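Fold and contact review
These are the residues of each chain, in order.
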Amino acid sequence: MTQQVRRALGRFPVLAGVILLVGVSGALSSSAATDPATPPPAPLQGTTSAHQRLANTCVFPDPAGERPVTMDVQATLPKVVPTGKPVQVKDFSLTFTIGEGSLGTVAEVTGGATVELTAANGDKKTPIPVSVTIPTTKVPTTGELKLVATGTVPDILLKVPSELRLSTGAPSLALTAAETPLKPITCTQTPDQNTLLGSVALLPLGKPKPQSGKPGEQKKPGTDARAADEVHADALYPIALQPFELQGTSSITKLGAFARLKPAFMVNAVWHVDLENTEGPGKITGSVIMPPSKMSFLGFGFVPITATMELLPEDYATGNHIIDVDGVSIPEPEGSSTVLTPLKVYGKLSGVTINGVALDVGDHCLTAEPIKINLRGEKYGMFTGGVVRTDPKWTDPAYRDFTLPPFSGCGAKEDLDSLLTGMASGPGNQACVGVNQVGLPWEPERKCPNVEPPAGR
């Protein structure tokens, strides 16, 4: 989790940076076992509440035949388990929503169901059959029937530090009506669904170190800004993460411009965890290459301007285009994390047009110094993703906005530095990056506001 998390989060800021420049140029939830619509309870310390809804096609006794059945899966997963210790899945339940008439004239049913979970560790997969019990339930004369099944998931034991990923398969039901067993109901899963129930980090944990400060003591402004400098990668355990897709937005106050970042990807993400103190901060790093982004906006509120912006690392003059970022992950009580990702990049402008007329800015039009962007994200899922951003409401002023430096070296035939600087440079700018594990649906908690363009665009 460490190295990959570092890269993943590192890329987040990079993307955020791209978003900023673009502007310049232009968790799992749970619900009550009795009803999936019930608001999820607060997760326990060190656990994650998991909830997924899967579509199935099930074969009912004649004359009903094939009917769609929705299965809501709920469970409580530990966020971290020492290697060699069993992974225990708690509060496991299945809620089946069955259409009217699927069971004919039956008045009430009881019975059970089975479903196969899959425990994946790298490229190794192990099936885990789970049996659940359905209590006696009356079948409504009209409307849908909901059957709630509960049971115990067998303990899962792995002896190698890794990420355990649990997925859910298709169910089968065995029901009895008026003491007469019905024909078994077999189901198949609708294809192209995300079947991942959740992930568990398996780590060789040690004893936690004593914490400084008094219980309940609040951090002073500036604590977050210094956190990245206070965490060292020595003796941290690296955990590799899956690739991430990123979407982002940025606004440049002086231009009155809002820009949406093209979707990008983060790879080789690593999360570095302190094995001696898993409740303390860890390190996150990343390396990203950001392709040039085209953007358009209204300069001074009425002049149409287009441009291409590219983000470059501090040592771009050597030919390097890879941006490396170091960040921090701070565990939260409910199992997610707060992530802090600082970024320093140069912004390079090219292909500028004003009111349709090309403005030759030359080949060396860059910000005079690196753009410094500090991104912060709460309730971030280290395996699934989240949102990192600047926000005027953050307590720490370092994360409230970013400043776009002046431009230098702009103009092939005339000095355009003052023109571009006067148009765009200055403080009060915002950036946001949504991070989502590739293969997972883009849930709202991992999307930046207004990341989707308006209809018709």
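First things first, this report covers the structure right here in the doc. (Residues numbered from 1 in each chain as written. Predicted model: local features only at pLDDT ≥ 70, side-chain atom pairs only at ≥ 80, totals over all residues. Heavy atoms only, no water.)

For the protein, the count of helices and strands is three helices and 29 strands. Every one of the 457 residues in the protein was classed for burial, and the buried ones make up 49%. Counting every atom, the protein has about 21500 Å² of accessible surface; 54% of that belongs to carbon and sulfur. (Helix = DSSP H or I, 4+ residues; strand = E, 2+ residues; numbered from the N terminus. Buried < 20%, exposed > 50% of the residue type's maximum accessible area, 1.4 Å probe, protein only. Areas by Shrake-Rupley, 256 points an atom, 1.4 Å probe, with all protein chains shown as cover.)

Let's shift gears to the pattern of salt bridges. Within this structure, the stated rule accounts for three salt bridges. For Asp72, the salt bridge goes to Arg53, with nearest N and O atoms at 2.7 Å. Residue Asp72 is located in strand E2 (residues 65–78), and its partner Arg53 is located in strand E1 (residues 47–60); the two are separated by 19 residues in the primary sequence. Using a relative accessible area of 0% as the deciding quantity, one classes Asp72 as buried. (Salt bridge = Lys/Arg side-chain N within 4 Å of Asp/Glu carboxyl O.)

Its place among the elements puts Glu66 in strand E2. The spatial distance from the C-alpha of Glu66 to the C-alpha of Cys187 is 9.0 Å, given a sequence separation of 121 residues. In this structure, Glu66 is in contact with Thr57, Cys58 and Val59, ignoring residues within four places of it in sequence. (Contact = heavy atoms within 4.5 Å.)

Residues Glu314, Asp315, Asp324 and Asp326 make up a contiguous surface patch of negative charge. Of note, Asp315 is situated in the loop between strand E20 (303–312) and strand E21 (323–331). Judged by relative accessible area, which is 37%, Asp315 ranks as partly exposed. (Patch = residues over 30% accessible without salt bridge, like charges linked within 9 Å, V, L, I, M, F, W, Y side chains within 5 Å. Lys, Arg positive; Asp, Glu negative; His and termini not counted. Charge placed at Lys NZ, Arg CZ, Asp CG, Glu CD.)

The subject of this paragraph is the nonpolar core. Within the largest apolar cluster, 50 residues are counted, with the highest numbers of intra-cluster contacts made by Phe407 and Leu420. Counting residues in hydrophobic clusters, the runner-up holds 44 residues, among them Ala50, Leu77, Ile156 and Leu202. (Core = buried A, V, L, I, M, F, W, Y, C linked by side-chain atoms within 4.5 Å.)

The subject of this paragraph is unusual backbone geometry. Cis geometry is adopted by the peptide bond preceding Pro63, which originates at Asp62 and carries an omega value of 10°. Relative to the helices and strands, Pro63 resides in the loop between E1 and E2. A positive phi angle, close to 55°, is found at Asn355, a residue other than glycine. Residue Asn355 is classed as exposed on the basis of its relative accessible area, which comes to 54%.

Here Asn429 lies in strand E29 (residues 426–437). A polar contact is formed between the side chain of Asn429 and the backbone oxygen of Gly426, at a distance of 2.8 Å. Ignoring any residue separated from it by four or fewer positions in sequence, one finds Asn429 in contact with Ser251, Ile252, Thr253, Lys254, Thr390, Asp401, Phe402, Thr403 and Leu404. (Polar contact = N/O pair within 3.5 Å; in protein donor to acceptor, adjacent residues only side chain to side chain.)

Turning our eyes to something else, we now look at the pairing of E2. For a regular strand, side-chain orientation follows a simple rule: the groups alternate between the two sheet faces. Burial of E2 is extensive: ten of the 14 residues sit out of reach of the surface. Here E1 pairs with E2 via 14 bridges, running antiparallel. Bridge pairing links Phe60 to Gly65 in E2. What sits between the antiparallel neighbours E1 and E2 is a turn of four residues. Summarising the sheet, E2 and strand E5 (residues 90–98) pair through seven bridges and their orientation is antiparallel. Note that in E5 the partner of Thr76 across the bridge is Lys90. (Pairing = 2+ DSSP bridges.)

Once that is clear, we can look at the state of the cysteines. For the structure on display, the rule yields three disulfides. Covalent S-S linkage joins Cys58 and Cys187, the inter-sulfur distance amounting to 2.0 Å. Between Cys58 and Cys187, the disulfide has an S-S torsion of 105° and is therefore right-handed. Separated by 129 residues along the polypeptide, Cys58 in strand E1 and Cys187 in strand E12 (residues 185–189) bring together distant segments of the chain. (Disulfide = S-S within 2.5 Å.)

Relative to the elements of secondary structure, Thr421 occurs in helix H3 (residues 417–424). Under the relative-accessibility criterion, Thr421 is labelled buried at 19%. In this structure, Thr421 is in contact with Lys254, Pro406 and Phe407, ignoring residues within four places of it in sequence.

Quick look at the environment of Glu245 now. Secondary-structure assignment places Glu245 in strand E15 (residues 244–252). In this structure Glu245 touches Pro263, Ala264, Phe265, Gly434, Val435, Asn436, Val438 and Trp442, once residues within four positions along its chain are discounted. Within the structure, Glu245 has its side chain in polar contact with the side chain of Trp442 (distance 3.3 Å).

This brings us to the environment of Thr136. Checked against the element boundaries, Thr136 lands in strand E7 (residues 124–138). Separated by 41 residues in sequence, Thr136 and Ala177 place their C-alpha atoms 9.2 Å apart.

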